[in-house]
Amino acid sequence: MELRIDMTDEVEVVEKKAKLVNPEFVEEVIKAGAVSVNLCWQCGTCTASCPSGLHTAFRVRKLIRRVQLGFMDEVLPADDMWMCTTCYTCHERCPRDVKIPEIIFTLRNMAVKMGYMAETHKKAATLLVKTGHTIPLDDKAKALRKKVGLIETPLTTLSNSEALEEVQKILRHTGFDKIVGA
Amino acid sequence: MAPLRYPGIESAARAVLSALDVQFSDLKDVSCCPAPGVFRSFDQQTWLAISARNLALAEVQNADIITICNGCFASLFEVAYILNNDREKLDEINAILADIDLEYNCTTNVKHFADILFKDIGVKKIADSVNYPYKNLKIAVHYGCHFLKPSNVKNIDDPERPMILDKLVEAVGATSVDYMDKNRCCGAGGGVRARAKEVALKMTADKLENIEKAGANCIVDICPFCHLQFDMGAMELGKTNIPVVNLAQLYGLAFGIDKSKLGLDIQAVPIKLDKG
Ligand code: SF4
Ligand code: SF4
């Protein structure tokens with residue numbers, strides 16, 4: 001069997017990948033508030049501490065590195081960063097004080113703005129826009145509240161349409177209704 | 001979460017605070033905190049503004065906020081912290097609140113139910129209120145992530161070796177058992193339960209296995225979202241031998257508060273505890 005390596009292919013692949021690097025990405029992330037991202041020196045303490053990484057392919061150290069290197073197209077559309085439960089274990093243990101969950105929130109905000117949002121998350125967001133809460137007050141919830149001796153409808157935006165209108169005004173101001181398509 | 005999914009936790013907390021002579025009233029017209037894992041992930045400015053409205057409503061009434069949920073605590077406490085320390089952000093958020101004629105002046109204190117019990121009321125007074133001690137109960141406590149972390153912001157207890165909740169459950173005469181990875185996450189947060197339930201459940205399964213190995217009779221938590229994850233998770237995983245109990249429900253039982261107020265039977269895994 002003859003072993004041939006086609007170098008032109010390999011060069012093409014590398015060139016193609018290199019084009020995907022966006023050197024401005026890390027600056028955008030920093031500008032959006034995640035100022036600690038470049039402090040990371042890749043020790044891996046975060047990945048070793050991550051409960052989600054035990055069960056998924058999510059590697060938080062690599063996520064930070066991808067941001068530093070500008071691999072925006074690998075980061076923002078991917079499921080990976082949505083596997084973080086925001087447990088803050090990495091935040092507590094990082095020897096470089098990298099505010100990891102803060103970075104993840106910032107990245108998620110960017111992804112959502114680009115339209116990457118799970119359907120289940122859209123549902124929760126839509127409920128906030130419609131009711132001021134993320135869980136519906138249905139007949140079952142009312143019955144349970146009554147059963148334990150509480151008033152059926154809590155004294156929140158659920159019982160005052162003017163209060164709900166205030167919340168909706170805020171959501172229109174920040175453009176949240178549009179961001180989540182509610 | 002508590003008012004609409006586990007109202008027994010809300011009514012138990014009200015009854016327990018009353019039994020301990022804590023003055024409180026309902027903060028009217030508030031909305032969802034809003035839930036940190038999802039809304040902070042979607043749009044931080046919205047998260048700040050909606051939460052700031054809740055903080056400002058408390059400020060108008062000159063009241064502190066007590067939360068019975070780690071999620072509400074995370075949003076309200078951390079938003080208050082951010083706005084206290086970032087003048088520019090505060091101005092931006094107040095420009096949004098101006099639409100509804102509201103302004104936030106950074107005077108609202110946000111406290112977690114468990115923190116009030118431990119620091120303001122104290123274990124001694126709680127132990128004195130116990131009429132039905134649980135001497136043989138072995139409890140696996142679950143702090144949840146956002147009660148103590150990020151610790152540079154919260155500054156309540158050691159995030160790796162906390163003791164507040166252990167001491168609080170021992171006030172009813174029970175033993176708090178150590179178990180592997182005691183301070184690990186339940187799996188639900190950050191929008192993971194909603195987006196990838198199977199991943200969340202794997203983390204819950206780890207917790208349940210470690211808790212079972214330690215010989216605990218129940219889990220005691222201080223967050224209705226962790227509570228949901230343990231309670232529904234137990235059903236979803238087919239592992240229903242260890243019920244999850246909110247601290248307020250445990251105190252309700254130990255103080256002898258009317259059981260109908262505690263919501264013991266409106267969970268997927270009903271609460272039954274042996275006094276022994
Ligand atoms: S623990 Fe901190 S310094 Fe180490 S890899 Fe993770 S983010 Fe980087
Ligand atoms: S905060 Fe997220 S990334 Fe960090 S350890 Fe927890 S789950 Fe992993």
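Structure shown above.
A few points on the structure. (Residues numbered from 1 in each chain as written. Chains lettered and ligands numbered in written order. Predicted model: local features only at pLDDT ≥ 70, side-chain atom pairs only at ≥ 80, totals over all residues. Heavy atoms only, no water.)

A word on the site of ligand 2
Moving on, step 1. The environment of ligand 2 is made up of Cys50(A), Pro51(A), Phe58(A), Val60(A), Cys84(A), Thr85(A), Thr86(A), Cys87(A), Tyr88(A) and Cys90(A).
Moving on, step 2. Looking at the shell around ligand 2 residue by residue, the classes come out as 8 nonpolar, 2 polar and no charged. (Near = heavy atom within 4 Å. Nonpolar A, V, L, I, M, F, W, Y, C, P; charged D, E, K, R; others polar.)

Things to note about the side chain of Thr86(A)
Moving on, step 1. The residue Thr86(A) is located in the loop between α5 (72-75) and α6 (89-93) in this model.
Moving on, step 2. The class of Thr86(A) is buried, set by a relative accessible area of 1%.
Moving on, step 3. Here Thr86(A) is in contact with Phe105(A), Arg108(A), His146(B) and Gly190(B), once residues within four sequence places are set aside. (Helix = DSSP H or I, 4+ residues; strand = E, 2+ residues; numbered from the N terminus. Buried < 20%, exposed > 50% of the residue type's maximum accessible area, 1.4 Å probe, protein only. Contact = heavy atoms within 4.5 Å.)

Topic: the interface of chain B and chain A
Moving on, step 1. With 64 residues of chain B at the interface, the matching set in chain A holds 60 residues.
Moving on, step 2. Together chain B and chain A conceal approximately 5300 Å² of surface at their shared face, both sides included; 64% is due to carbon and sulfur atoms.
Moving on, step 3. Of all residues in chain B, Leu4(B), Phe42(B) and Arg195(B) give up the largest surface area on contact with chain A, accounting jointly for 16% of the area buried on that side.
Moving on, step 4. Remark: the boundary between chain B and chain A carries 5 salt bridges.
Moving on, step 5. One salt bridge in this structure joins Lys147(A) and Asp265(B), with 3.3 Å as the shortest N-O distance.
Moving on, step 6. Counting across the interface, chain B meets chain A through 25 residue pairs in polar contact (both at pLDDT 80 or more).
Moving on, step 7. When residues of the side of chain B that touches chain A are traced back to their parent elements, those giving at least two are α1 (2-5), α2 (7-19), α3 (36-42), α4 (44-60), α6 (87-97), α9 (151-154), α11 (192-195) and α12 (197-213) of chain B.
Moving on, step 8. With 7 residues, the top contributor of residues to the side of chain B that touches chain A is α3(B). (Buried area = accessible area lost by both parts, 1.4 Å probe. Salt bridge = Lys/Arg side-chain N within 4 Å of Asp/Glu carboxyl O. Polar contact = N/O pair within 3.5 Å; in protein donor to acceptor, adjacent residues only side chain to side chain.)

Overview of the packing of α4(B) against α6(B)
Residue and element names in this part refer to chain B.
Moving on, step 1. Relative to each other, α4 and α6 sit at 70°, their axes nearing to 10 Å. By the criterion of interaxial angle, the relationship of α4 to α6 is roughly perpendicular. Taken as a pair, α4 and α6 cross one another with a handedness that is right-handed. Across the interface between the two elements, Gln 45, Leu 48, Ala 49, Ala 52 and Arg 53 from α4 touch Lys 89, Glu 92, Ile 93, Ile 96 and Leu 97 from α6.
Moving on, step 2. Here the residues of the contact of α4 with α6 sort into 6 nonpolar, 1 polar and 3 charged. (Axes fitted to C-alpha atoms, helices over the stretch in contact; angles between N-to-C directions. Parallel < 35°, antiparallel > 145°, perpendicular 65-115°, else oblique. Left-handed = near helix turned anticlockwise from the far one by under 90°.)

As for the environment of Ala127(B)
Moving on, step 1. Along the chain, Ala127(B) falls in helix α8 (residues 123-129).
Moving on, step 2. Sequence spacing of Ala127(B) and Thr240(B) is 113 residues, and the spatial spacing of their C-alpha atoms is 30 Å.

Some details on the pattern of salt bridges
Moving on, step 1. One pass over the structure, following the stated rule, counts 27 salt bridges over all chains.
Moving on, step 2. Among the salt bridges present, the one from Arg193(B) reaches Glu236(B), with a minimum N-O distance of 3.0 Å. Of this pair, Arg193(B) sits in helix α11 while Glu236(B) sits in helix α13 (residues 224-237); the two residues are 43 residues apart in sequence, bridging distant segments of the chain.
Moving on, step 3. On the accessibility criterion, Arg193(B) (12% relative accessible area) is buried.
Moving on, step 4. Judged by relative accessible area, Glu236(B) falls into the partly exposed class, the value being 32%.
Moving on, step 5. Each of Arg145(A), Glu10(B), Arg14(B) and Asp26(B) takes part in a single network of salt bridges with overlapping partners.

A look at the sheet that holds strand β3 (residues 138-142) of chain B
To summarise the sheet geometry, strands pair through backbone hydrogen bonds and adopt either a parallel or an antiparallel arrangement.
Residues and elements named next belong to chain B.
Moving on, step 1. Here 4 strands make up an open sheet; going across it, the order is β4-β3-β5-β6 and the pairing parallel. Each having just a single partner strand, β4 (175-176) and β6 (244-246) make up the two edges of the open sheet.
Moving on, step 2. Relative to β6, strand β5 (residues 218-221) is paired through 3 bridges, and the arrangement is parallel. Note that in β6 the partner of Asp 221 across the bridge is Asn 246.
Moving on, step 3. Relative to the sheet, α13 contacts β3, β5 and β6, its axis offset from that of β6 by approximately 160°. (Pairing = 2+ DSSP bridges.)

What about a negative patch on the surface?
Moving on, step 1. On the surface, Asp9(A), Glu10(A), Glu12(A) and Glu15(A) cluster together into a negatively charged patch.
Moving on, step 2. For Glu10(A), a relative accessible area of 45% translates into the label partly exposed. (Patch = residues over 30% accessible without salt bridge, like charges linked within 9 Å, V, L, I, M, F, W, Y side chains within 5 Å. Areas by Shrake-Rupley, 256 points an atom, 1.4 Å probe, with all protein chains shown as cover. Lys, Arg positive; Asp, Glu negative; His and termini not counted. Charge placed at Lys NZ, Arg CZ, Asp CG, Glu CD.)

From the geometry alone we can't say anything about function, so treat these as descriptive.
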